[in-house]
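Topology and contacts: notes
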Amino acid sequence: MSSKDDEYDYLFKVVLIGDSGVGKSNLLSRFTRNEFNLESKSTIGVEFATRSIQVDGKTIKAQIWDTAGQERYRAITAAYYRGAVGALLVYDIAKHLTYENVERWLRELRDHADQNIVIMLVGNKSDLRHLRAVLTEEAKAFAERNGLSFIETSALDSTNVDLAFQNILTEIYRIVSQKQIRDPPEGDTIRPQNVEPIDVKPTMNSDSVRKQCCQ
Amino acid sequence: MHACTTYYHQGEDLCEDLQPFFKKLANEIAVMRVETNKVEKELENSHGLVSDTEITSALCNSADKKSPKLEGYLFKRTSNAFKTWNRRWFYLFDNKLVYRRRSGDEHETVMEDDLRICTVKPVTDGERRFCFEIVSPSKNHILQADSEDMFQLWIEALQKGIGAAIQKIQSIDIQKNTEINKSENSGFDNNNKTKSKRAWEQIIKLPGNNVCADCKAHRPQWASINLGIVLCIDCSGVHRSLGVHHSKVRSLTLDDWEPEVVKLMTELGNTVVNKIYEAKVPESIQKASDQCPGTIREDWIRKKYVEKLFVMDLSELLQSDSLSDGLCLNSNKDKWRVKKGAKANEVLKNQAESESDCDENSSCDINQQTEEEDNNYGAEETIENLHSNLLLYKAAESYNLIVMCQAFALGAEKSWTNEQDKNRQPLHAAVISGSVLPCVYLLLNGARLNVQDQDGKTPLHLATSEGHTAQVCLFLKYRADQHVKDNEDKVPLTLAEEKEHADIVTLLRLGRLNEEMRDNETTGDEMFNDVVRDFSRLAYSNPEKLQRQKYDV
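Residues numbered from 1 in each chain as written. Chains lettered and ligands numbered in written order. Predicted model: local features only at pLDDT ≥ 70, side-chain atom pairs only at ≥ 80, totals over all residues. Heavy atoms only, no water.

Labelled according to an unreviewed UniProt entry, chain B appears under the name Arf-GAP with coiled-coil, ANK repeat and PH domain-containing protein 2, originating from Ceutorhynchus assimilis.

An unreviewed UniProt entry annotates chain A as Ras-related protein Rab-11A of Ceutorhynchus assimilis. According to the UniProt record, the Sequence similarities (unreviewed entry) comment for chain A is "Belongs to the small GTPase superfamily. Rab family." (UniProt positions renumbered as here; feature names shortened; annotations may be inferred.)

**Digging into the overall build of chain A**
Scanning chain A for helices and strands turns up 8 helices and 6 strands. For chain A, the α and β elements follow one another from N to C terminus as α-β-α-β-β-α-β-α-α-β-α-β-α-α. The 215 residues of chain A split such that 53% are buried. The contacts in chain A between residues at least 6 apart in sequence include a share of 74% that link residues at least 24 apart. If you sum the accessible surface of chain A, you get close to 10,100 Å²; carbon and sulfur atoms cover 49% of it. (Helix = DSSP H or I, 4+ residues; strand = E, 2+ residues; numbered from the N terminus. Buried < 20%, exposed > 50% of the residue type's maximum accessible area, 1.4 Å probe, protein only. Contact = heavy atoms within 4.5 Å. Areas by Shrake-Rupley, 256 points an atom, 1.4 Å probe, with all protein chains shown as cover.)

**Observations concerning the packing of helix 14 (residues 426-433) of chain B against helix 15 (residues 437-444) of chain B**
All names here are of chain B. Look at helix 14 against helix 15: their axes get within 8 Å of each other, and the N-to-C directions meet at 160 degrees. Taken together, the axes of helix 14 and helix 15 are roughly antiparallel relative to one another. In terms of crossing hand, the pair formed by helix 14 and helix 15 is left-handed. Across the interface between the two elements, Pro426, Leu427, Ala430, Val431 and Ser433 of helix 14 pack against Pro438, Cys439, Leu442 and Leu443 of helix 15. When the residues that make up the contact of helix 14 with helix 15 are grouped by side-chain class, the tally is 8 nonpolar, 1 polar and no charged. (Axes fitted to C-alpha atoms, helices over the stretch in contact; angles between N-to-C directions. Parallel < 35°, antiparallel > 145°, perpendicular 65-115°, else oblique. Left-handed = near helix turned anticlockwise from the far one by under 90°. Nonpolar A, V, L, I, M, F, W, Y, C, P; charged D, E, K, R; others polar.)

**Structural notes on the side chain of serine 388 of chain B**
Residue and element names in this part refer to chain B. Checked against the element boundaries, serine 388 lands in helix 12 (residues 388-397). Look at serine 388 and you get buried, because its relative accessible area is 7%. The residues contacting serine 388, other than those within four sequence positions of it, are Leu314, Ala407, Leu410, Gly411 and Ala412.

**What about the UniProt feature "repeat: ANK" (unreviewed entry) in chain B?**
Residues and elements named next belong to chain B. The UniProt entry lists residues 422-454 and 455-487 under the feature "repeat: ANK" (unreviewed entry), expressed in the numbering used here. Within the segment residues 422-454, helix and strand shares are 48% and 0% respectively, and the terminal C-alpha atoms sit 5 Å apart. A distance of 5 Å separates the end C-alpha atoms of residues 455-487, which is 52% helix and 0% strand.

**Topic: unusual backbone geometry**
Positioned with a positive phi, aspartate 56 of chain A is a non-glycine residue whose angle comes to about 50 degrees. Position of aspartate 56 of chain A among the secondary structure elements: in the loop between strand 2 (46-55) and strand 3 (58-67). By relative accessible area, aspartate 56 of chain A is classed as exposed at 54%. Its identity is not glycine, yet lysine 308 of chain B carries a phi of approximately 55 degrees, on the positive side. With respect to the helices and strands, the residue lysine 308 of chain B is situated in the loop between helix 8 (294-306) and helix 9 (314-319). Take lysine 308 of chain B: its relative accessible area is 24%, and that puts it in the partly exposed class.

**Considering the nonpolar core**
Formed by 130 residues in total, the largest nonpolar core has its most connected members in Tyr91, Leu109 and Leu121 of chain A together with Trp257, Tyr277, Leu442 and Phe475 of chain B. Look past the residues within four positions of tyrosine 91 of chain A in its chain and what remains in contact with it is Val22, Thr98, Tyr99, Val102, Leu121, Val122, Gly123, Asn124, Val134, Ala139, Phe150 and Glu152 of chain A. With 33 residues, the next largest nonpolar core counts Phe31, Val55, Val161 and Phe165 of chain A among its residues. (Core = buried A, V, L, I, M, F, W, Y, C linked by side-chain atoms within 4.5 Å.)

**Some points on the packing of helix 12 of chain B against helix 13 (residues 401-409) of chain B**
Residue and element names in this part refer to chain B. Packing of helix 12 against helix 13 brings their axes to within 8 Å, and their N-to-C directions diverge by 160 degrees. For the element pair helix 12 / helix 13, the angle class is roughly antiparallel. The two elements helix 12 and helix 13 meet at a crossing, and its hand is left-handed. Contacts between helix 12 and helix 13 involve Ser388, Leu391, Leu392, Ala395 and Ala396 on the former and, on the latter, Val403, Met404, Ala407 and Phe408. Here the contact of helix 12 with helix 13 is composed, by residue class, of 8 nonpolar, 1 polar and no charged.

**What about a negative patch on the surface?**
Residue and element names in this part refer to chain B. Residues Glu12, Asp13, Glu16 and Asp17 make up a contiguous surface patch of negative charge. Mapped onto the fold, aspartate 17 is located in helix 1 (residues 2-63). Using a relative accessible area of 57% as the deciding quantity, one classes aspartate 17 as exposed. (Patch = residues over 30% accessible without salt bridge, like charges linked within 9 Å, V, L, I, M, F, W, Y side chains within 5 Å. Salt bridge = Lys/Arg side-chain N within 4 Å of Asp/Glu carboxyl O. Lys, Arg positive; Asp, Glu negative; His and termini not counted. Charge placed at Lys NZ, Arg CZ, Asp CG, Glu CD.)

**A closer look at the sheet that holds strand 9 (residues 229-231) of chain B**
All names here are of chain B. Strand order in this open sheet of 3 strands is 9-8-10, and the pairing throughout is antiparallel. This sheet does not close on itself; its edge strands, each paired only once, are strand 9 and strand 10 (249-251). On average, adjacent strands in this sheet sit at an angle of 35 degrees to one another, irrespective of strand direction. Both strand 8 (residues 222-224) and strand 9 contribute to a ladder of 3 bridges, which runs antiparallel. By the bridge assignment for strand 9, tryptophan 222 is matched with leucine 231. Relative to the sheet, helix 5 (residues 233-242) contacts strand 8, strand 9 and strand 10, its axis offset from that of strand 9 by approximately 115 degrees. (Pairing = 2+ DSSP bridges.)

Below, the structure is given as structure tokens:
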């Protein structure tokens, strides 16, 4: 472990969820180790990996939790979502059923995760153009309706993988750092009490979507 | 020109046609406005009502000075990075602070289990008004009340609660005893009892645990966790002076109790342990008593546990029948074996449980994780082999805590290596038993955790390949080194992945993540402890959940 890796300003826990076989583990390995395994088996138990990125000159360490799609309702469920500030909800653009199940995963998040958790809908396997079963526009519209960020990725050819993590971590960072401005350690604030932060999701939403289009 | 006028004319007609529609619309909007105003008012009123009832219920309850109760909505700041505020229904009862999402919700979360170890203080520098902080040894919670009044009420109630709770323990034992008597006599069911199933109450319930193991003083509030006994404060002081290799002293009421240690305590207890450590007390020896001078107390305890003067030695044991429960000798007296299961206590326990409400099912479940083979005994050994070390080994292997206790009393070596059995130590044998308790018992008595047998396997290796999740959890909790390689160059994680034990894989990986994070952050540790706690709770409440099929992923 390099010393650079040990120091960070923020530690964010992000969970990967979505049906079995949509490529969660390969997204994780692509992002954290730049590896991809075409013959990967179903994940056993929960896997953890970390990677640090820079946002606004701050080091943000992402601690990413990944588990097999079938692992929910297990002993680990509560612990899996506890403390998570971001979720990548992954589906397979070539398997419509995995997209239909997104709603179920959203429900699971509502039941177990923090209400402010930042959710990004990720259509993975975008390299399978010829087999596409979920239209980009359809998924994007769904994401907008539900206040989610949206991106299409390919863990196989690396398209947008870093960007997906970068975007969700930036979004979390914006929310969390804004909260910190609200309660500065010195207490020399002139803001009135009881100020609630303004939800910045819409801006970030369009931001991430725009970036995605420009690729 | 003509076309133009017709066009405008038609336009005017169209507008006139629309006029009634617009009027209707305006009317509807007006009606709606009135209605919303009404609803708003109603809501305000009902809100007022709600806070009124909250305050009144609070008031009438705090008048009852003995056990302050208070419930109502508070805002709670989440502990994750967002630090958001959630409105939750909190209530205070029985030394606990508990909350739910809504007042009628079934599911409740315990915020603080034991208010005696907490303090409350107002938070004035926060960004919100009416905030107060509850500080416990492990966590801080920030809560916000709706108004100044409620803020005062909560702080007062919590402080009173803490005060009352501390006073309450002084008298709890007498209460407990009388309660048991009551239920014996009349079958009188006390609702409060089901609510208060705290660790120490389970322990104190055990027959013989109502008095100090050494001087018989009433209301013992201390325990020696490696010996499995409860003690009065004076004897606990002497035990402490013996050093932790002889006796690990904990407070029943003030310390945190891990579920597996509680379980072990309830399997042993004063009666069982004294049967062994006071098997033959000569007349000449002055036993310690409630009011005896310190020197006698010290002398007695030292002789009993350090010099082990009153323990029967092996040859005497073989002639007497005192071990007959656990150790079975063949009729010709040259073969012996250890009976499986620590059931000698069961009879006593059943008596206690029929009187009270301890959940017996859970205790049996762990007892029998892997047992129930046709043969209920460990392998036979010839009598010449009978040595305290081997006795401990065999007892651990067959999950017989009482024989283990006997072996400890006989001075068995916790880290003795059994050359007959792959150079394994008792802890390896305990893993084979499939149960957590013999492992806990050995660990508390100083068995080494990372020893390797002749195949290079540590107890963690064995527990992993046997698929004993609860044991893996225990070893990780005791900070086992999971990077030790066996002779095939495998670490436990490799074994777990090969065998597809999902929960064990998770636990081991989590342990690694924790090691990685521990260097610079405390949060990693907290998270690890959280998950491990989840697992150990499961292991004790729903062990079947951990017994997943191999390909059940």
